[in-house]
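In case you want the letters, here they are:
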Amino acid sequence: MKQLGEVLLDEGLVTEAQLLAAIDQQSSLGGSLGRTLVELGMLSESQLVRALAAQVGMEFVDLDEYAVDRSAIGLVPAALCRRYSVLPVGMRDGAIVLATADPGNVVAVDDVRTVSRMPVIPVVATYDNVLRAIDRFCRADDEMEGLSSAFEDAAPAPEMDLSRLGGLVDDDAPIVRFVNLLVTQAITDRASDIHIEPNEHDLRVRYRIDGVLHETQRSPKNIIGAVISRVKIMSDIDIAEKRKPQDGRMSVVHQGRKIDLRVATLPTVWGEKIVMRILDNSTASLDLRDLSFLEHNYTRYRESYTKPYGMILVTGPTGSGKSTTLYATLNAVSKPEINVITVEDPVEYRLPGINQVQVNPKAGLTFAAALRSILRSDPDVVLLGEIRDHETAQIAIEAALTGHLVLSTLHTNDAPSAVTRLTEMGIEPFLVGSALDCVVAQRLARRLCSKCKEPYTPTPQELEAAQFPWVPGEPLPELVRPRGCTACSRTGYKGRLALHEVMNVTEDIERHAVGHSSSADIAATAVKQGMRTLREDGWYKVASGDTSIEEILRVVA
């Protein structure tokens with residue numbers, strides 16, 4: 001059998017000089033030659049696995065491109081695929097073609113052969129590739145559809161005592177399995193929200209993925225009451241109260257990770273609609289550098305949050321990533337010698353080393369009351385979930401003026417509008433100008449799928465219609481557009497990135513605030529002083545190949 005180095009040279013994956021350099025590095029650091037090449041950036045994980053497969057005479061497959069035969073997947077239980085990280089991808093000469101990252105695992109091959117009662121032909125794929133394919137093809141949707149069909153075929157049951165659903169200990173009970181599968185599949189699909197919506201004739205389930213709602217399931221009407229009651233009990237919500245909106249919270253464990261869900265109910269004409277916001281705690285540990293700030297905007301923002309006092313506002317519509325930006329900012333400023341206190345409604349992510357207060361209006365603990373109290377607790381940094389009224393805004397402004405760094409959110413369309421919004425809430429204009437240090441407006445746009453995005457040259461007409469910054473007569477820019485593949489569910493997009501508009505409050509903008517200037521006048525001054533608008537930031541990200549013109553036009557007015 002050939003050595004790995006010979007295979008890499010034969011396949012043209014590395015040069016002789018790269019191979020010799022890696023061998024020298026391997027001798028000093030230890031470890032395998034292949035792993036050393038990957039760590040040095042000379043080889044990708046996929047190329048290494050391809051070479052190792054060639055070394056032992058096995059076939060390598062890229063599951064993002066491979067035409068998987070769904071009939072083969074049905075021959076092996078999904079639980080077995082997940083246990084061994086294997087996936088049947090096709091049939092060949094009466095045998096199952098089995099993709100695996102560990103072809104030496106004879107137990108997995110034997111178990112697949114036993115349950116399918118067919119010969120097995122192992123082929124090699126990368127571990128991440130196999131896991132992604134399992135998530136894509138071994139979906140819970142199929143089992144949910146099976147459960148829905150069973151519910152539909154079942155005879156109408158007498159009115160059941162829905163309160164007993166909370167005592168169900170049998171995880172195999174149909175309603176329990178249905179709700180569990182609903183949540184599990186949403187987390188697997190990277191959904192941010194689950195919408196459970198009763199209609200006149202059925203129950204509709206939609207997932208919000210990368211900011212866009214996708215319908216995933218329709219179930220018979222006769223399970224609406226049981227599903228809603230099951231979710232309400234898991235979230236510690238009163239199941240007897242159906243006339244007014246309620247809020248709750250639940251936690252699930254998914255692939256070893258604890259994930260919290262914020263649950264809200266809303267009475268509609270056909271029953272209670274439930275929206276479950278999925279809160280992935282890994283988001284709370286993000287670094288600001290992970291939030292797609294361009295260097296220009298990051299430098300301007302860093303000037304503000306590194307100051308010992310002042311107010312920083314993050315603005316944007318619901319679901320634009322404001323909380324994520326604030327938590328990442330907290331991670332940047334939080335140190336053992338600093339006392340950080342937050343007031344939130346609700347507390348979305350638990351942060352270690354930070355004092356977090358949950359608002360409770362029923363007990364009299366409003367934003368304003370909590371903020372007034374925590375200012376007596378010697379804070380250095382205060383995070384306020386949202387500025388909603390005059391009283392909260394007044395106390396927050398005063399806190400910023402008395403030596404505290406105050407972080408909060410506000411609902412405005414752009415950064416300059418935050419100044420006029422605070423004055424409209426009854427805050428004295430000279431206080432706004434003195435206390436406010438920086439405003440960040442934010443939107444989330446879908447990121448192009450790295451597997452299938454394709455370069456193209458737009459026409460002058462397309463650029464002019466989109467108001468893209470291009471001067472007629474100059475060469476047309478090469479941009480990137482979505483195409484669609486199995487990795488991104490044919491949407492052309494996978495993941496999201498943030499667009500930012502960072503406005504530092506300078507003396508000129510302070511004068512605008514005191515003079516009751518319009519948002520347009522403030523914006524014009526801010527642009528002259530170096531602020532990039534949301535759309536300009538979007539064009540930079542289009543030019544770098546991260547997203548498309550259509551996506552920027554969708555999220556930015």
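If you're wondering where the values come from, they're calculated on a predicted model, not measured in any experiment. (Residues numbered from 1 in each chain as written. Predicted model: local features only at pLDDT ≥ 70, side-chain atom pairs only at ≥ 80, totals over all residues. Heavy atoms only, no water.)

### With respect to the sheet that holds strand S3 (residues 120-124)
- Taken together, three strands build an open sheet; the order of strands is S1-S2-S3 and the sheet is mixed. With partners counted over all chains shown, the strands left at the sheet margins are strand S1 (86-92) and S3, one partner each. Taking the axes of each pair of neighbouring strands and ignoring which way they run, one obtains an average angle of 30° across the sheet.
- Across six bridges, the pairing between S1 and strand S2 (residues 95-100) is antiparallel. Bridge assignment links Met91 to a residue of S2, and that residue is Ile96.
- Where helix H7 (residues 106-116) meets the sheet, it contacts S1, S2 and S3, and its direction lies at approximately 140° from that of S3.
- Against the sheet, helix H8 (residues 127-137) touches S1 and S2, its axis set at about 75° to S1. (Pairing = 2+ DSSP bridges. Helix = DSSP H or I, 4+ residues; strand = E, 2+ residues; numbered from the N terminus. Axes fitted to C-alpha atoms, helices over the stretch in contact; angles between N-to-C directions. Contact = heavy atoms within 4.5 Å.)

### Comments concerning the environment of Ser450
- Looking at the element boundaries, Ser450 is found in the loop between strand S15 (436-448) and strand S16 (454-456).
- Among the residues examined, Ser450 registers a relative accessible area of 65% and is labelled exposed.
- Taking the C-alpha atoms as reference points, Ser450 and Gly492, separated by 42 residues in sequence, lie 8.9 Å from one another. (Buried < 20%, exposed > 50% of the residue type's maximum accessible area, 1.4 Å probe, protein only.)

### What about the UniProt feature "domain: Bacterial type II secretion system protein E" (unreviewed entry) in the chain?
- Taken from the UniProt record, the annotation "domain: Bacterial type II secretion system protein E" (unreviewed entry) applies to residues 375-389.
- For residues 375-389, the end-to-end C-alpha separation is 18 Å, with 0% helix and 27% strand making up the annotated structure. (UniProt positions renumbered as here; feature names shortened; annotations may be inferred.)

### Observations concerning the nonpolar core
- Counting 56 residues, the largest nonpolar core has Met311, Leu313, Ile387, Leu436, Met503 and Ile549 as the members making the most contacts within it.
- A per-element tally of this core places helix H15 (residues 390-401) first, with six residues.
- Beyond its immediate chain neighbours, meaning those up to four positions away, Met503 contacts Arg300, Ala415, Pro416, Val419, Asp437, Cys438, Val439, Ile509, Ile522, Ala526 and Met531. (Core = buried A, V, L, I, M, F, W, Y, C linked by side-chain atoms within 4.5 Å.)

### Here we look at the pattern of salt bridges
- What the rule picks out here adds up to 24 salt bridges.
- Glu272 is the partner of Lys232 in a salt bridge, and the nearest nitrogen-oxygen pair spans 3.0 Å. Taken together, the residues span a long stretch of sequence, with Lys232 in helix H11 (residues 224-234) and Glu272 in strand S9 (residues 271-279) at a distance of 40 residues.
- The exposure class assigned to Glu272 is buried, which follows from its relative accessible area of 7%.
- Three or more residues joined by partner-sharing salt bridges are found here, namely Glu197, Asp202, Arg204, Arg206, Glu215, Arg218 and Lys273. (Salt bridge = Lys/Arg side-chain N within 4 Å of Asp/Glu carboxyl O.)

### Thoughts on the packing of aromatic side chains
- Evaluated as defined, the whole model comprises four aromatic pairs.
- Note on Phe468 and Trp539: the rings are 5.1 Å apart at their centroids and 65° apart in plane angle, and the pair reads as edge-to-face. In this pair, Phe468 sits in the loop between helix H18 (460-466) and strand S17 (479-481) while Trp539 sits in helix H21 (residues 534-543), placing the two residues 71 residues apart along the sequence.
- Of the aromatic side chains, those joined through ring pairs into one cluster are Phe293, Tyr298, Tyr301 and Tyr305.
- Looking at Arg446, its charged tip hangs above the ring of Tyr493, at a distance of 4.2 Å from the centre.
- Here the guanidinium or amino end of Arg532 rests over the ring plane of Tyr540, the centre of that ring lying 4.2 Å away. (Phe/Tyr/Trp six-rings, centres within 6.5 Å; stacked < 30°, edge-to-face > 60°. Lys NZ or Arg CZ within 6 Å of the ring centre and 35° of its normal.)

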